[in-house]
Amino acid sequence: MKQIRLRKKLTQQQIADQCQISKSMLSKIENGQTAAAVATLSKISETLEVPLSWILDEEKEEELVLQRNNDRPSKVGDESMGYSYELLANRAHYSGIEPTIVHVTPKEFNKRTEGYTHSQDEFIFILEGSIILFYNGEKHLMEQGDSAYFQGHKPHLFMPVNQHEEAKVLTLFIDRE
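Sequence order sets the numbering: in each chain, residues are counted from 1 along the sequence as written. Owing to the predicted nature of the model, reporting of local features is limited to residues with pLDDT of at least 70; listing and counting of side-chain atom pairs is limited to 80 or more, with chain, interface and lining totals taken over all residues. The side-chain values count all of the structure's non-hydrogen atoms but skip hydrogen atoms and water molecules.

1. Topic: the overall build of the chain
So the rule is basically this: Runs of H or I in DSSP of at least four residues are treated as helices and runs of E of at least two as strands, each being numbered from the N terminus. Categorising residues by exposure relies on relative accessible area from a 1.4 Å probe, with only protein chains included: less than 20% of the type maximum marks a residue as buried, more than 50% marks it as exposed, and the intermediate range marks it as partly exposed. We call two residues in contact whenever any of their non-hydrogen atoms come within 4.5 Å of each other. Only the protein chains shown count as cover for residues, and the accessible areas themselves come from Shrake-Rupley with a 1.4 Å probe.
Within the chain, the secondary structure is distributed over 6 helices and 9 strands. A total of 177 residues make up the chain; the buried ones form 43% of that total. Sequence separation of 24 or more characterises 64% of the internal contacts of the chain that already satisfy a separation of 6 or more. Accessible area of the chain: about 10,100 Å², with a carbon and sulfur share of 46%.

Structure representation (structure tokens):
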């Protein structure tokens, strides 16, 4: 992220102002000292004019991306944010789609109550467990096998149903053009 910002000759303050975060927060994100919400990372990627996958995964994009389960990078995120995630493939440059597994934090650890927004549309499929999808002021119970497609610019949040177990949600972020 820092390399992209420097290549574009932008200061931390310029990026922070456009993303409505503090310069200190941006510095911590760039230096790996804190995890950031996907919505924040999405705003940073928009400001830098690069796909979100470049921010989430610093490996170069390739035509074919094979990722074995045991070779996939570990989860990124902070349980108190309400989730962590695994980037499944870096394909946005080719398709505009970023596949991710979101691990929804169990109720006992989840502190997040405000919804997220971002520029991409989002498709979700519940792989394991159950969530309550808060979308644009409404609650929707979603269980294993359920799916939804929605506009990311409207406030949304995945809330766990189970007190002690996480839910796993396959999420596709889809660039709108």
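Now that the structure is up, let's keep going.
2. Here's the deal with unusual backbone geometry
Phi at glutamate 49 is positive, roughly 60°, even though this residue is not glycine. In this fold, glutamate 49 is placed in the loop between helix 4 (38–48) and helix 5 (52–56). By relative accessible area, glutamate 49 is classed as exposed at 67%. A positive phi angle, close to 50°, is found at asparagine 136, a residue other than glycine. Relative to the elements of secondary structure, asparagine 136 occurs in the loop between strand 5 (130–135) and strand 6 (138–143).

3. Section: the sheet that holds strand 8 (residues 156–160)
Test applied: If DSSP finds at least two bridges between two strands, the strands pair. Each axis is a line fitted through C-alpha atoms, and for a helix only the stretch in contact is used; angles between axes span 0 to 180 degrees, taken between their N-to-C directions.
Overall, antiparallel pairing links the 3 strands, which are arranged 6-5-8 in an open sheet. Bordering the open sheet on either side are strand 6 and strand 8, each of which pairs with just one other strand. For this sheet, the mean angle separating the axes of adjacent strands, direction not counted, is 25°. Across 5 bridges, strand 5 lies against strand 8 in antiparallel orientation. Counted as the bridge partner of tyrosine 135 is histidine 156 from strand 8.

4. Observations regarding the pattern of salt bridges
Basically, it comes down to this: The salt bridge definition used is simple: a Lys or Arg side-chain nitrogen within 4 Å of an Asp or Glu carboxyl oxygen.
Tallied over the full model, the rule gives 2 salt bridges. In this structure, arginine 5 engages glutamate 30 in a salt bridge whose closest nitrogen and oxygen atoms are separated by 2.6 Å. Of this pair, arginine 5 sits in helix 1 (residues 2–7) while glutamate 30 is found in helix 3 (residues 23–30), placing the two residues 25 residues apart along the sequence. Each member of the pair, arginine 5 together with glutamate 30, is buried.

5. Thoughts on helix 4
Across the 11 residues of helix 4, 8 count as buried, placing the element largely inside the fold. Within the sequence span of helix 4, burial applies to Val38, Ala39, Leu41, Ser42, Ile44, Ser45, Thr47 and Leu48. Note on helix 4: the residue one or two positions beyond its end, glutamate 49, has a positive phi of about 60°.

6. As for the pairing of strand 9 (residues 167–174)
Bridging between strand 3 (residues 97–104) and strand 9 involves 8 bridges; their strand directions are antiparallel. Residue pairing for strand 9: isoleucine 101 is matched across the bridge by leucine 170. Here 7 bridges tie strand 4 (residues 121–128) to strand 9, and the two strands are oriented antiparallel to one another. Residue pairing in the sheet places glutamate 122 in a bridge with phenylalanine 173 of strand 9.

7. Points about the nonpolar core
The line we're drawing: In plain words, nonpolar cores are sets of buried Ala, Val, Leu, Ile, Met, Phe, Trp, Tyr and Cys residues tied together by side-chain atoms within 4.5 Å.
Residues Leu41, Ile44, Ile124, Ile131, Leu133 and Phe158 are the most contacted members of the largest nonpolar core, which totals 39 residues. A total of 5 residues in this core trace back to one element, the largest contributor, which is helix 4. Residues within four places of leucine 133 in sequence aside, it is in contact with Ile124, Glu138, Lys139, His140, Met142, Ala148, Phe150, His156, Leu157 and Phe158.

8. Observations concerning the pairing of strand 4
One ladder, built from 5 bridges, connects strand 4 with strand 7 (residues 147–151); its direction is antiparallel. Looking at strand 7, one finds that phenylalanine 125 is bridged to serine 147.

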